[in-house]
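# Per-entry structural report
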Amino acid sequence: NTMIKSIEGPIDAAIFDASVPSLGTGMEIAHAYLRPRLNLKEIPILALYQKDFWPNGLSSMVKGITPEVAPQFRLSEYSSIENAKASISEFLSFSQS
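We now turn to the structure provided with this report. (Residues numbered from 1 in each chain as written. Predicted model: local features only at pLDDT ≥ 70, side-chain atom pairs only at ≥ 80, totals over all residues. Heavy atoms only, no water.)

### Remarks on the environment of Leu48
- Mapping Leu48 onto the fold places it in strand β2 (residues 45–50).
- By relative accessible area, Leu48 is classed as buried at 5%.
- Residues Leu48 and Arg74 lie 26 residues apart in sequence; the distance between their C-alpha atoms is 8.5 Å. (Helix = DSSP H or I, 4+ residues; strand = E, 2+ residues; numbered from the N terminus. Buried < 20%, exposed > 50% of the residue type's maximum accessible area, 1.4 Å probe, protein only.)

As structure tokens, then:
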């Protein structure tokens, strides 16, 4: 998978949209937070999800990512594109410091 190869490459952060449950996105998120186990640099990770977009809510996989498992992982809900952009800007600002 090209995306997984990218996640395992020289990146400084990762951002995902987890509004719809997806095995592919789940695997990509897992590869991002498991980078240290692959002797790769730990990176900050943001998963965004649109409020009430999917009737069943977030996937169990995303809900199950705890600070103990992935302290660098942040989950953020958005209700509009403006909210999503603000979350991304805040995440990137924080990640650069």
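### Comments concerning the pattern of salt bridges
- What the rule picks out here adds up to two salt bridges.
- Ionic pairing is found between Arg74 and Glu90, a salt bridge with its closest N-O pair at 3.3 Å. Remark: Glu90 occurs in helix α4 (residues 81–96) and Arg74 occurs in strand β3 (residues 73–78); sequence separation between them is 16 residues.
- Overall, Glu90 belongs to the partly exposed group, its relative accessible area being 48%. (Salt bridge = Lys/Arg side-chain N within 4 Å of Asp/Glu carboxyl O.)

### Describing the side chain of Ser87
- Checked against the element boundaries, Ser87 lands in helix α4.
- Given the relative accessible area of 10%, Ser87 is considered buried.
- In contact with Ser87, not counting residues within four places along its chain, are Leu46, Leu48, Arg74 and Ser76. (Contact = heavy atoms within 4.5 Å.)

### Some details on a nonpolar patch on the surface
- Judged by side-chain polarity, Val20, Phe53 and Trp54 come together as a nonpolar surface patch covering roughly 260 Å² of accessible area.
- If you trace the backbone, Trp54 turns up in the loop between β2 and α3 (60–63).
- Judged by its relative accessible area of 34%, Trp54 is partly exposed. (Patch = residues over 30% accessible without salt bridge, like charges linked within 9 Å, V, L, I, M, F, W, Y side chains within 5 Å. Areas by Shrake-Rupley, 256 points an atom, 1.4 Å probe, with all protein chains shown as cover.)

### Comments concerning the sheet that holds β3
- Taking strand neighbours across the sheet as the criterion, the three strands line up as β1-β2-β3 in an open arrangement whose pairing is parallel. Looking at the sheet topology across the chains shown, the edges are occupied by β1 (14–17) and β3. In this sheet, neighbouring strand axes are inclined to one another by 20 degrees on average, regardless of whether the strands run parallel or antiparallel.
- Sheet strands touched by helix α2 (residues 23–33): β1, β2 and β3. Its angle to β1, the strand with the most contacts, is close to 160 degrees. (Pairing = 2+ DSSP bridges. Axes fitted to C-alpha atoms, helices over the stretch in contact; angles between N-to-C directions.)

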